Amino acid sequence: MDRIRVRGGRQLNGRIAIGGAKNAALPLMATGLLTEGPVVLRNAPDLADIATMAGLLRQHGLSVEHDKAARTLTLSGNVNNLEAPYDLVRKMRASVLVLGPLVARFGRARVSLPGGCAIGTRPVDLHLKGLEAMGATITLDAGYINAEAPNGGKGRLHGGRILFPQVSVGATENLLMAAALADGVTELVNAAREPEIEDLCLLLNAMGAKIEGLGTDRLRVEGVAELHGADHSIIPDRIEAGTYACAAAITGGEVLLEGAGLTHLGAFARTLREAGVAVEEVPDGLTVSRLNGLHGVDAMTEPYPGFATDMQAQFMALMAVAEGASMLTETIFENRFMHVPELNRMGARINVHGSSAIVRGVARLSGAQVMATDLRASVSLVLAGLAAEGETIVNRVYHLDRGYERVEAKLAAVGADVERIAG
Ligand code: UD1
């Protein structure tokens, strides 16, 4: 298993190119099931999760070509298998995004239940209730979700008014794709507003869907009989950008994040500034640098445009070396502090009380052998390593590879002493 070795204490200076957003790419790829295509996705990142989604779509019968040099994914062809097996779904929860498209277009689907994961139980009840409100019959057996459209799968889903009791990115995406091919109008109320949702709406509309309310929490979808192929460019990864912003801030250098934008960072940019980090929009992207010292600020994770839960671990690494205390409250997932004991092993002073972590800044962290079982937690340990005295070895790098493209190369190119150790 590969590991990453970081020797801390170097300032980062230079430019980092931000790739296409993983969390936009995954639902965008699922639209390949809604049409014979071709759906062409540009600015596609080269990540383990993208390969997993490509594998899942191929076993449904699609042709998925990933031209890595051109950063383009091309999806086309016919679906000949309506089952998403456990072995693929358990690797990545976003696999459940095939459910809505399959049942809307083919009248039935059988998809493994994703089950729990390292950051919490993460149920899919909102996905299923929404599909039921659109006329699907859902049964669960042997760990699988069976979904069937009306008339024993021969009819089409119908529109309806779906009020989400809780904001869910994945459920909003699944139901948007289903509604695009349903009979009549579907209204999604209290829908997620993440930029990745807007990106999905833009692609669906380019494929012939009729969606209104883009960027708001109220989406209106008028179903159409069929969708066609389209060509779409994936938005830049706001979480990758936010992560490298933390890298610049924790080392005290100045980094230009090429392609990143302020709006997509939501409340995270504001919080960074409060902590003493300069974040400026420039024609090529965003520049990030530390002003004087870092100071502790409180933050609470919320759906977009609030502070993203996917930035909580990285921001905690930053707060670990800030002056004063900060309180980071996690409201989205119930168990998303597994980086805390590892950061503490590096000399951080963090206590967890329920859903809040109290971080008391220390002058210096020290390198250690660490590991984490979640993507964002893993990268927070790399960030801590950049600021730590001595050597940090981050184990189980495959978590990082799910969502960060060549993290060690990108950091090394701006001056970090970091390398991948194969094995
Ligand atoms: C997506 C992101 C993930 C991010 C999360 C929150 C992708 C591929 N993943 O995950 O990186 O951390 O949004 O911004 O885009 N919930 C239910 N029932 C459901 C669905 C969700 O109770 O049917 C709960 C979840 O357990 C969680 C909350 O709702 O507590 C938000 O989850 P959701 O927005 O659905 O996250 P994902 O789409 O899985």
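What you see is a predicted model, and the numbers here were worked out from it, not measured in a lab. (Residues numbered from 1 in each chain as written. Predicted model: local features only at pLDDT ≥ 70, side-chain atom pairs only at ≥ 80, totals over all residues. Heavy atoms only, no water.)

A. Quick look at the overall build of the protein chain. The number of helices and strands found in the protein chain is 15 helices and 24 strands. The C-alpha radius of gyration of the protein chain comes to 21 Å, within 12% of the 22 Å expected for a compact globule of 423 residues. When the backbone C-alpha atoms are referred to their principal axes, the protein chain occupies close to 65 × 45 × 40 Å. For the protein chain, with 423 residues in total, the buried portion stands at 56%. For the protein chain, long-range pairs separated by at least 24 residues make up 72% of all intrachain contacts whose partners lie at least 6 apart in sequence. (Helix = DSSP H or I, 4+ residues; strand = E, 2+ residues; numbered from the N terminus. Rg over C-alpha atoms; globule rule 2.2 N^0.38 Å. Buried < 20%, exposed > 50% of the residue type's maximum accessible area, 1.4 Å probe, protein only. Contact = heavy atoms within 4.5 Å.)

B. Representation of the sheet that holds strand β7 (residues 108-112). Strand order in the open sheet made by the four strands is β6-β7-β9-β8, with mixed pairing throughout. Each edge of the sheet is formed by a strand with only one pairing partner; in this case those strands are β6 (83-84) and β8 (137-141). Pairing geometry for β7 and strand β9 (residues 144-148), over five bridges, is antiparallel. Bridge pairing links Arg 110 to Asn 146 in β9. Together, β7 and β9 form the strand contacts of helix α4 (residues 99-106), whose direction differs from that of β7 by roughly 160°. (Pairing = 2+ DSSP bridges. Axes fitted to C-alpha atoms, helices over the stretch in contact; angles between N-to-C directions.)

C. Seen up close, the pairing of strand β23 (residues 391-395). Within β23, four of the five residues are buried, which leaves it mostly tucked inside the rest of the structure. Bridge count between strand β1 (residues 3-7) and β23: four bridges; the pairing is antiparallel. Counted as the bridge partner of Arg 5 is Ile 393 from β23. Relative to β23, strand β22 (residues 369-371) runs parallel, the two being bridged by three bridges. Its bridge partner lying in β23, Val 370 is registered against Val 394. Regarding the hand of the β-α-β motif, the stretch spanning β22, helix α13 (residues 375-387) and β23 is right-handed. (Right-handed = clockwise from strand over helix to strand, strands pointing away.)

D. Spotlight on the nonpolar core. Grouped together as the largest cluster of nonpolar side chains are 76 residues, with contacts concentrated most on Met 29, Leu 157 and Leu 176. Per-element accounting of this core gives the leading share, seven residues, to helix α6 (residues 169-180). Sequence-distant contacts of Leu 176, defined by excluding residues within four places in its chain, comprise Leu 188, Ile 197, Leu 200, Cys 201, Leu 204, Ile 211, Leu 219 and Val 221. Counting 75 residues, the second-largest nonpolar core is a separate cluster that includes Ile 16, Met 311, Val 379 and Ala 387. (Core = buried A, V, L, I, M, F, W, Y, C linked by side-chain atoms within 4.5 Å.)

E. Representation of the sheet that holds strand β24 (residues 417-421) in the model. Ordered by their spatial adjacency, four strands build an open sheet running β22-β23-β1-β24, and the pairing between neighbours is mixed. If you trace the sheet from one side to the other, it starts and ends with β22 and β24, each paired once. Averaged over all pairs of adjacent strands, the angle between their axes in this sheet comes to 25°, without regard to strand direction. Two strands pair when backbone bridges link them, and β1 and β24 are joined in this way by five bridges, in the antiparallel orientation. If you follow Arg 7 over to β24, its bridge partner there is Asp 417. Together, β1, β22 and β23 form the strand contacts of α13, whose direction differs from that of β23 by roughly 170°.

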